[in-house]
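Residue-level listing of the chains:
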Amino acid sequence: AQSVTQLDSQVPVFEEAPVELRCNYSSSVSVYLFWYVQYPNQGLQLLLKYLSGSTLVKGINGFEAEFNKSQTSFHLRKPSVHISDTAEYFCAVSDRGSNYKLTFGKGTLLTVNP
Amino acid sequence: NAGVTQTPKFQVLKTGQSMTLQCAQDMNHNSMYWYRQDPGMGLRLIYYSASEGTTDKGEVPNGYNVSRLNKREFSLRLESAAPSQTSVYFCASSDWTSAQTQYFGPGTRLLVL
């Protein structure tokens, strides 16, 4: 069975500061990894995904994530955040053995303050 | 191209009432999913349908039933609603053509009194 741990439930930062949202996963097989963002009262939107190839993945809105197989991590980073980045961020994992079902972490609420 | 649509957007039920949440996608995806989102719990899979004509239980199926009506539509039914089913429900779809990316609907907010 696969699982996802998002190490911080809340991350407050100031505008223009860098941010890292941490995600660790466990799985016995090769995985696909995703970060989704949820703005208030909306559905989930894909930020970026790792399927194979380069371990550094770039997504929308200036976010990027690095897949680290040895540490089973997929941390999300942005060098300079904006007020509009305030949202909840979910890390998720899927694998071929689970019929590509997604297992989500519990989410990290990123609050960007002026 | 509307993507994934869900109806209704919001619903209030009394304990014991039944209702069906509707979901439709226009991306010709084979797989469809129902999740519930509760504060501090992330999203948990209720049921999924890997292809038309098949459905399987997810992590939290108790109290729910599903129907994959055709390739486009996947409904979720609560036969006898309970306060513990108060939640936000999301439908999603995916396919190998979308490189396993799941596309989500806007959600249905359900309150069971």
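Just so we're clear, the structure is a prediction, and the values are computed from it rather than from any experiment. Just so you know, the residues in each chain are numbered from 1, in the order the chain's sequence is written. Here the convention is simple: chains get letters from A, ligands get numbers from 1, in the order in which they are written. Per-residue local features of the predicted model are confined to residues with pLDDT of at least 70, and side-chain atom pairs are confined, for both listing and counting, to 80 or more; whole-chain, interface and lining totals are unaffected and use all residues. Side-chain metrics rest on all non-hydrogen atoms present in the structure, leaving aside hydrogens and water.

**Student:** Go over the overall build of chain A with me, naming the residues and quoting the values.
**Tutor:** For chain A, the count of helices and strands is 0 helices and 12 strands. The helix count covers DSSP runs of H or I at least four residues long, the strand count covers runs of E at least two residues long, and both are numbered beginning at the N terminus. Overall, chain A shows an N-to-C arrangement of helices and strands of β-β-β-β-β-β-β-β-β-β-β-β. Radius of gyration means the value over C-alpha atoms here, while the globule rule gives 2.2 Å times the residue count to the 0.38 power. Taken over the C-alpha trace, chain A has a radius of gyration of 14 Å; the compact-globule value for 114 residues is 13 Å, and the two agree within 12%. Split into buried and exposed, the 114 residues of chain A put 46% on the buried side. Residues count as neighbours in contact if any of their non-hydrogen atoms are within 4.5 Å of one another. Pairs at least 24 apart in sequence give 56% of the contacts found in chain A among residues at least 6 apart. All accessible areas in this document rest on Shrake-Rupley with a 1.4 Å probe, and a residue is counted as covered only by the protein chains that are shown. By element, 50% of the accessible surface of chain A is carried by carbon and sulfur atoms, the whole surface being about 5600 Å². Measuring between centres, the 9 positive side-chain charges of chain A sit 11 Å from its 9 negative side-chain charges. The rule is simple: take the accessible area with a 1.4 Å probe, protein chains only, and divide by the maximum for that residue type; under 20% is buried, over 50% is exposed, in between is partly exposed. By the counting rule applied here, Lys and Arg register as positive and Asp and Glu as negative, while His and the ends of each chain are not counted. Positions of charges follow a simple convention, taking NZ of Lys, CZ of Arg, CG of Asp or CD of Glu.

**Student:** Describe the pairing of strand E12 (residues 108–113) of chain A, and please don't skip the residues or the numbers.
**Tutor:** All names here are of chain A. Where burial is concerned, the two faces of E12 differ: the one with Thr108, Leu110 and Val112 is buried and the one with Leu109, Thr111 and Asn113 is not. Sheet topology note: the strand E2 (residues 10–14)/E12 ladder contains 5 bridges and is parallel. Paired with Phe14 across the bridge in E12 is Asn113. For two strands to be treated as a pair, DSSP must find no fewer than two bridges joining them. Summarising the sheet, strand E10 (residues 87–94) and E12 pair through 3 bridges and their orientation is antiparallel. Pairing of Glu88 across the sheet is with Leu109, part of E12.

**Student:** Kindly report on the side chain of B:Gln25, identifying the contributing residues and their values.
**Tutor:** All names here are of chain B. Its place among the elements puts Gln25 in strand E3 (residues 19–25). Here Lys71 takes part through its backbone oxygen, which lies 3.0 Å from a polar atom of the side chain of Gln25. Beyond its immediate sequence surroundings of up to four residues, Gln25 is in contact with Gly3, Val4, Met32, Arg68, Lys71, Arg72 and Ser93. Contacts described as polar in this section are N or O atom pairs within 3.5 Å, which, within protein, must combine one atom able to donate a hydrogen with one able to accept it, while residues neighboring in sequence count only if both atoms come from side chains.

**Student:** Please set out the interface of chain B and chain A residue by residue, giving values where relevant.
**Tutor:** Chain B puts 20 residues into the contact, and the matching count from chain A is 19 residues. For the pair chain B and chain A, the summed buried area comes to about 1600 Å², and 56% of that belongs to carbon and sulfur atoms. Accessible area that two parts lose when put together, with a 1.4 Å probe and added across both, is what the buried area reports. Of all residues in chain B, B:Leu43, B:Gln100 and B:Phe104 give up the largest surface area on contact with chain A, accounting jointly for 30% of the area buried on that side. By salt bridge we mean one thing: a side-chain nitrogen of Lys or Arg within 4 Å of a carboxyl oxygen of Asp or Glu. Taken together, the links from chain B to chain A amount to 0 salt bridges. The interface formed by chain B and chain A holds 4 residue pairs in polar contact (both at pLDDT 80 or more) in total. Those elements giving two or more residues to the side of chain B that touches chain A turn out to be strand E4 (31–38) and strand E5 (42–49) of chain B. If one sorts the elements of the side of chain B that touches chain A by residue count, E5(B) sits on top with 4 residues. In terms of residue class, the side of chain B that touches chain A is built from 11 nonpolar, 8 polar and 1 charged. Gly counts as polar in this scheme, as do all residues outside two lists: the nonpolar Ala, Val, Leu, Ile, Met, Phe, Trp, Tyr, Cys and Pro, and the charged Asp, Glu, Lys and Arg.

**Student:** Run through the pattern of salt bridges, naming residues and quoting values.
**Tutor:** Residues and elements named next belong to chain A. Enumeration over the complete set of coordinates arrives at 8 salt bridges over all chains. Among the salt bridges present, the one from Arg77 reaches Glu20, with a minimum N-O distance of 2.8 Å. Pair noted here: Arg77 is in strand E9 (residues 73–78) and Glu20 is in strand E3 (residues 19–21), with a separation of 57 residues, a long-range link. Overall, Arg77 belongs to the partly exposed group, its relative accessible area being 30%. Connected via shared salt-bridge partners are Glu20, Glu66 and Arg77.

**Student:** Talk me through the environment of B:Ile46; I want residue IDs and the actual numbers.
**Tutor:** Residues and elements named next belong to chain B. Tracing the backbone through its elements, the reader meets Ile46 in strand E5. You can call Ile46 buried: its relative accessible area is 0%. As a C-alpha pair, Ile46 and Val4 span 42 residues in sequence and 17 Å in three-dimensional space. With near-sequence residues (within four places) excluded, Ile46 lies in contact with Trp34, Tyr35, Arg36, Lys57, Gly58, Glu59, Val60, Pro61, Tyr64, Leu76 and Tyr89.

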